[in-house]
Amino acid sequence: MNKILSKIILTAILFAYCSICQAQTVYEKDIRHGSQQTERYLPILEHQNVALCVNQTSMVGQRHLLDTLLSLGVNVKKIFCPEHGFRGDAEAGKHISNQIDTKTGLPIISLYGNNKKPTKEQLQDIDIIIFDIQDVGARFYTYISTLTLLMEAAAENDKVVLVFDRPNPNGYWVDGCILQSEFQSFVGMHSVPINHGMTIAEYARMVNGEHWLKNNLTCKLLWVKVQGYNHAMRYQLPISPSPNLSSMEAIYLYPTLCLFEGTPMSIGRGTNAPFCLLGYPDFGAKDTVFVPQNIVGVATNPPCLGKQCNGYNLKQWAHDTLINKNRIDIDLLINAYNSFDEKDKFFTPFFNKLAGNATLAQQIKDGKNASQIRQSWQSELQDFKKIRKKYLLYKDFQ
């Protein structure tokens, strides 16, 4: 009888817990993005020459922000676009060229081509730059690097940056080692953890407030908050933010699996489940087998091209992590390293850029366990959380 009662109580607790988790999921219909609040920003844009920094995620309902603003009489002069391009159909790392938008005739200036920062000439006929791009909350996702350089150029040329905020799908947790200054690059510009737990407007406020722009510059920064959002929510993206983050599982796995891009292993690029698979040809028998292929616009010459990879399908792991862990899974790295035959070839130089230090790779080589590695982050991580708290626009998850 006691066993039956215990099972009933346990089932009730689990049901209640899952119900809470479901209640924290938020969809497009539940919120209003900054871009949807025309009553807030149209007065600011009146009689202004406007540039947009946008991509395929910059939607106002079923209509692109560019078309929305033009229909409202806003004087849009040009478009800037980040990695993956204006339409988000260029694969990771691909050089993006300047072009002309065939629909409007407006110039599209790439910030992932010959220059990653707007020039004085490109801004001379502009008063205000709108940034409206969906981020995923990881330090090495380059949209926040584009935002930083855009703010820097605006500060240097006395222009205003207006951020239309969007929820962070990984905004309900903070974790990972802090980037050390000597490892700064376009995949990591600031001393933040791998998963920073901030929206794009909150991040911009931090960059400004902590004087992280060159020469301690401060940008003229404005923002429009999301209505109906807080950091306890798990936002479901309606549009893929980049070609290889094509599912919510991939977005949840990204802060962990992107570290494997600094190893010879495949994380599923060139398959129908990028950032949901992990494997290698000599990895031994695991729970799945996959063969990376060239996919136009998504993956050209991906790791392990044409080779059968033994590995893991991590989609279910993503859901378990979503509910139970909310952290970088260091055990996944440790186990992969320990299972890799040629250990001296496991970590490439790019790994340290992604990790933001040379310590993580060395800790794994030295046989440190996940608990020991995680403990080594805690002091700096707590310091970051204190800084982060100053710039939050929404109720935190804690």
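Details of the structure are given in the entry above.
It should be emphasised that the depicted structure is a prediction, and the values quoted were computed from it without experimental measurement. (Residues numbered from 1 in each chain as written. Predicted model: local features only at pLDDT ≥ 70, side-chain atom pairs only at ≥ 80, totals over all residues. Heavy atoms only, no water.)

1. Topic: the overall build of the chain
If you tally the helices and strands in the chain, you get 12 helices and 14 strands. Taking the contacts inside the chain whose residues are at least 6 apart along the sequence as the reference set, 73% of them involve residues at least 24 apart. Of the roughly 17,400 Å² of accessible surface on the chain, 50% is carried by carbon and sulfur atoms. (Helix = DSSP H or I, 4+ residues; strand = E, 2+ residues; numbered from the N terminus. Contact = heavy atoms within 4.5 Å. Areas by Shrake-Rupley, 256 points an atom, 1.4 Å probe, with all protein chains shown as cover.)

2. Description of the sheet that holds strand β5 (residues 75-81)
Read from one edge to the other, the open sheet built from seven strands follows the order β6-β7-β5-β2-β8-β9-β10, with strand pairing classed as mixed. With partners counted over all chains shown, the strands left at the sheet margins are β6 (99-100) and β10 (220-224), one partner each. Bridging between β5 and strand β7 (residues 107-110) involves three bridges; their strand directions are parallel. Bridge pairing in β7 links Phe80 to Ile109. The strands touched by helix α5 (residues 143-156) are β2 (49-54), β5, β8 (128-132), β9 (160-164) and β10; relative to β8, the strand with the most contacts, the crossing angle is about 170°. (Pairing = 2+ DSSP bridges. Axes fitted to C-alpha atoms, helices over the stretch in contact; angles between N-to-C directions.)

3. Observations regarding the packing of helix α9 (residues 330-339) against helix α12 (residues 370-391)
Packing of α9 against α12 brings their axes to within 9 Å, and their N-to-C directions diverge by 130°. One element, α9, and the other, α12, form an angle in the oblique class. You can see that α9 and α12 cross each other, and the crossing is right-handed. For the pair α9 and α12, the contacting residues are Ile330, Asp331 and Ile334 in the first and Ala370, Ile373, Arg374 and Trp377 in the second. Each residue belonging to the contact of α9 with α12 can be placed in one class, and the counts come to five nonpolar, no polar and two charged. (Parallel < 35°, antiparallel > 145°, perpendicular 65-115°, else oblique. Left-handed = near helix turned anticlockwise from the far one by under 90°. Nonpolar A, V, L, I, M, F, W, Y, C, P; charged D, E, K, R; others polar.)

4. Some thoughts on the packing of aromatic side chains
Taken as a whole, this structure holds 15 aromatic pairs when the rule is applied. Consider the rings of Tyr141 and Tyr143, whose centres lie 4.8 Å apart with planes at 65°: the pair is edge-to-face. Since its relative accessible area comes to 1%, Tyr143 is described here as buried. Three or more aromatic residues joined by ring pairs form one cluster here, namely Tyr280, Tyr337, Phe340, Phe346, Phe347 and Phe351. (Phe/Tyr/Trp six-rings, centres within 6.5 Å; stacked < 30°, edge-to-face > 60°. Buried < 20%, exposed > 50% of the residue type's maximum accessible area, 1.4 Å probe, protein only.)

5. Some thoughts on the pairing of strand β12 (residues 277-280)
With burial as the criterion, each face of β12 is covered, one bearing Leu277 and Gly279 and the other bearing Leu278 and Tyr280. Where β12 and strand β14 (residues 309-313) come together, four bridges link them in antiparallel fashion. Looking across to β14, one finds that Tyr280 is bridged to Asn310.

6. So, α5
With 14 residues, α5 extends 20 Å between its outermost C-alpha atoms, agreeing within 8% with the 20 Å of an ideal straight helix rising 1.5 Å per residue. Among the 14 residues of α5, 13 are classified as buried, and the element is accordingly described as predominantly covered. Positioned one or two residues after α5, Asp158 has a phi angle of 60°, which is positive. (Expected span 1.5 Å × (residues − 1).)

7. Points about the environment of Ile144
With respect to the secondary-structure elements, Ile144 resides in helix α5. Residue classification places Ile144 among the buried residues on the basis of a relative accessible area of 3%. Leave out the neighbours within four places in its chain, and Ile144 touches Asp135, Ala138, Arg139, His196, Ile200 and Tyr203.

8. Points about α12
Spanning 22 residues, α12 covers 30 Å between terminal C-alpha atoms, matching the ideal 32 Å at 1.5 Å per step. The sharpest bend along α12 measures roughly 45° and falls at Gln378. Where α12 is concerned, the buried positions are Ala370, Ile373, Arg374, Trp377, Leu381, Phe384, Arg388 and Tyr391. Contacts made by the buried residues of α12 are with α6 (200-209), α9 and α11 (359-365). (Bend = angle between axes of the 7 residues up to and from the residue.)

9. Digging into the packing of α6 against α12
For the pair α6 and α12, the least separation of the axes is 9 Å and the interaxial angle reads 110°. Compared by their axis directions, α6 and α12 come out roughly perpendicular. Contact with α6, carried on its side by Glu202, Arg205, Met206 and Gly209, involves Phe384, Ile387, Lys390 and Tyr391 of α12 and no other residues of that element. In the contact of α6 with α12, the residues fall into four nonpolar, one polar and three charged.

10. Comments concerning the sheet that holds β12
A sheet is described by the order of its strands in space; here three strands give the open sequence β12-β14-β13, paired in antiparallel fashion. Every other strand in the sheet has two partners, leaving β12 and β13 (288-290) as the edge strands with one partner each. Along the sheet, successive strands turn relative to each other by an average axial angle of 40°, direction set aside.

11. Re the pattern of salt bridges
As enumerated under the stated definition, the model contains 14 salt bridges in all. For the salt bridge of Asp30 with Lys29, the shortest nitrogen-to-oxygen distance reads 3.2 Å. Residue class for Asp30 comes out partly exposed when judged on its relative accessible area of 35%. Where Asp396 meets Arg388, a salt bridge forms, and the shortest distance between an N and an O atom there is 2.9 Å. (Salt bridge = Lys/Arg side-chain N within 4 Å of Asp/Glu carboxyl O.)

12. Brief notes about the state of the cysteines
Overall, the coordinates contain zero disulfides when judged by the stated rule. Distance from the sulfur of Cys304, which forms no disulfide, to the nearest cysteine sulfur (Cys309) is 3.9 Å. The exposure class of Cys304 is buried, given its relative accessible area of 12%. (Disulfide = S-S within 2.5 Å.)

13. A closer look at the side chain of Arg166
By the element assignment, Arg166 lies in the loop between β9 and α6. Overall, Arg166 belongs to the buried group, its relative accessible area being 5%. A polar atom in the side chain of Arg166 sits 3.4 Å from the side chain of His33. A distance of 3.3 Å separates the side chain of Arg166 from the backbone oxygen of Thr57, its partner in a polar contact. If we ignore the near neighbours within four places in the chain, the residues touching Arg166 are His33, Ser35, Thr57, Ser58, Met59, Asp132, Ile133, Gln134, Thr199, Ile200 and Val226. (Polar contact = N/O pair within 3.5 Å; in protein donor to acceptor, adjacent residues only side chain to side chain.)

Shape descriptors only; they carry no functional weight alone.
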